[in-house]
Every structure is written in C-alpha cells, then in structure tokens.
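Coordinate analysis (summary)
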Amino acid sequence: MKTTPLHPRFGVEVEQVDLSQVTAADGYDEIRDLFDRHLLLLFRRQALDAAQHLALGRLFGPIEDRSGSPDPIETISVVSNIDGDEVVGDEEDLRVLRNVANQQWHTDSTFLPVPALANILRAEVLPSTGGETEFVSTRAAWHDMPDGLQARIRERVIRHRFTHSVARASARLARLERYTKWPDQHWRALWPNPLTGEEALYIASHACGVEGMDDAEAQLLIDELVEFCTREEYVYSHRWQVGDVLIWDERATLHRGRPWPYEEARSLCSICISAGARDGLDAVRPG
Ligand SMILES: [Fe+2]
C-alpha cells in the first residue's frame, strides 16, 4: 500500500488497495496500523456495496447498533436529503436539520454506553458544490496545547448528551425519542492510544458538562478547547468524489459536515464500529 499525506499533522491517502478484497488475514493489519498512526485514511475509486461495507467494518470490531433491539442490528446510516425519488431541500425538514446538527464539530457516539472506535463513510450521491467533510486531529491539537489549558482538563471527566448538540440545530429535532433515549455518558478527557501511547483530547459537540464544575463554567471550557482544536491550521477539508471511502479514528479526531445547496441530492453511507478493550476503552472510563 502506498500512502500520501492529506494534511501535515494527520491523515493519509492509501493507494493500491481494493477494500472489497481486504480480510483479517490479508490487508487488515496494515490498514489498522495506518489507522492508529494517521487517524484518517482515504481510499479513492472504491466500489463497496452495503455487504462489503459491513464486512470491512467487522474487521475493526462490532458494528454499532442504536436500535436497542435484543438482537443486535447492523445498521448503515444514510446521511442524505433524499426521500424515495424526491430531494428534500426544505431547511426546516428534519432530514435537513439532522445534517445541520452534523455541521457542529464532533466525534460520533460519545453519548452511547459504548462509544465508537471508527467510522467508515462512503460517498454515493454528491451535489455540484459544498458538502465537504472537515476533520481535525485532537492528538495533534493536544500535543500543541498550552500547559495552562491542558491542566484545566487533563484529569477531568466530561459528560456527553446527544440532545445537547441536536438542540442547537433544532429544538423540535431534540425532542425525538431517538435522541432523548440515551442517558448521559461520562468519559475521561483524554483517550490514550494503546498502540502508540499518544494521548488525544476526547471531546465533541455532545459534551455538556465537566464533572466538578458548574455547567456554565464547563461550557466555556469546552468551547475554548474545541476552538483551540479546530483552528484553521489543524483542519483537513475533504472534497468528496463518488467512490471515496474515508475511515477515521473516533478516539482522536473531530469532524463536521459542511452545507451544500439542499435542493441538490447528496447521500453518504456511514457505519460506526464500537470501541472495545483492545482500543483502550477501559482507559477512558472513569474509575
Ligand atoms: Fe459524525
């Protein structure tokens, strides 16, 4: 596999690999090593179908299931404004508002009892302009952060709530059961990578509090931290092409969607993979 940097601090494009052919015995270990070291991997000109997308995800771990069903359901989440044959361009439509909520800097699934290790996102339908996905490395930003700011969060536990971020996009959206059903989750502010030993700030738009701090003070600190991590110099902006697959490390990055003309169709297919012990999950659980 040949790699080319996407950004000076993180991310690589990986060439000479057909993701539909990767197995546990052939190719996964190399991809996993690149994932732990570079945090964001781009594969162009892929043609994954839904079954191949899920099979690739399973190599990383269990596919995330938000259904609450006793029999786990492997879900591909379609991030889209298409409904049947129609494009939904109304900015008040809940599908569009979901995309607006995704335009806040976040990492996925911090509000779940088992958070995500990775997301594998592929582009199926793209608009003529806009709709980029932007990323930063919270490993790089944490490395660069001034000691004084680091000291204010290093030993802390951050509280995460799905409706906290969704309500900023739409109060109506935030009342839906799919968002309200998750109780608050608590995670240590730093997620050390078990392979490389590097720490990353584990924060998101879902962060609604810091243990031992009042909520107003905590929100100011959260905002200051996210602002530091998302300074322009840290941002990689991905302009999608059909056939692109991005795989990113949810433990050490933030991402956000960018707007596009909503009268144009756009559809991305996403799966999250849940984190486990080998991914350092125990280190981020408060004692
Ligand atoms: Fe996301």
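Counting starts from 1 at the beginning of each chain's written sequence and moves along it residue by residue. With the structure being a predicted model, the display of local features is reserved for residues of pLDDT at least 70 and the display and counting of side-chain atom pairs for 80 or more, all residues being used for whole-chain, interface and lining totals.

A closer look at helix H3 (residues 94-101)
Exposed residues have 12 or fewer other C-beta atoms within 10 Å of their own C-beta, buried residues have 20 or more, and residues in between are partly exposed; the C-beta atoms are placed from the backbone. A run of H or I in DSSP becomes a helix once it reaches four residues, and a run of E becomes a strand once it reaches two; helices and strands are each numbered from the N terminus. Every buried residue belonging to H3 is among Arg98, Asn99 and Ala101, and all of these are buried. For H3, the arc enclosing every buried residue in end-on projection is 155 degrees, short of the 170-degree limit, so these residues lie on one face. Looking at the packing, one finds that the buried side of H3 touches strand E4 (77-80), helix H6 (162-169), helix H7 (171-174) and strand E16 (253-257). It is the directions from the helix axis to the C-beta atoms that the arc portrays. Here the contact rule is simple: place C-beta atoms from the backbone, and any two residues whose C-beta atoms are within 7 Å are in contact.

Observations regarding the nonpolar core
By size, the foremost hydrophobic cluster in this structure holds 61 residues, and its most contacted members are Leu41, Ala118, Leu201, Tyr202 and Ile203. Sorting elements by how many residues they give to this core places strand E7 (residues 116-125) first, with 6 residues. Beyond its immediate chain neighbours, meaning those up to four positions away, Tyr202 contacts Trp187, Ala189, Leu190, Trp191, Arg251 and Val284. Grouped together as the second largest cluster of nonpolar side chains are 5 residues, Ala101, Phe162, Val166 and Ala169 included. Throughout this description, the term nonpolar core refers to a group of buried Ala, Val, Leu, Ile, Met, Phe, Trp, Tyr and Cys residues whose C-beta atoms join them within 7 Å.

Remarks on the packing of H3 against H6
The contact between H3 and H6 brings their axes to 8 Å, and the two run at 115 degrees. Taken together, the axes of H3 and H6 lie roughly perpendicular to each other. Our pair here, H3 against H6, has a crossing hand that is right-handed. Across from Leu97, Val100 and Ala101 in H3, the residues of H6 making contact are Ser165, Val166 and Ala169. Considering only residue class, the contact of H3 with H6 consists of 5 nonpolar, 1 polar and no charged. Between N-to-C directions, angles cover 0 to 180 degrees, with each direction set by a line fitted to C-alpha atoms, over the stretch in contact for helices. Geometric relationships in this document are graded by angle, where less than 35 degrees denotes roughly parallel, more than 145 denotes roughly antiparallel, 65 to 115 denotes roughly perpendicular, and other angles denote oblique. With the far helix as reference, a near helix turned anticlockwise by less than a right angle produces a left-handed crossing, and one turned clockwise produces a right-handed crossing. Polarity classes work like this: nonpolar for Ala, Val, Leu, Ile, Met, Phe, Trp, Tyr, Cys and Pro, charged for Asp, Glu, Lys and Arg, and polar for all others, with Gly in that last group.

So, the sheet that holds E16
A pair of strands is considered paired only if DSSP assigns at least 2 bridges between the two. Across the sheet, which stays open at both edges, the 3 strands sit in the order E14-E8-E16 with antiparallel pairing between neighbours. Of all the strands in the sheet, just strand E14 (236-238) and E16 have a single pairing partner and so form its edges. Adjacent strand axes in the sheet meet at a mean angle of 20 degrees when their direction is disregarded. Looking at chain direction, strand E8 (residues 133-137) and E16 are connected through 5 bridges and run antiparallel. Its bridge partner lying in E16, Glu134 is registered against Arg256.

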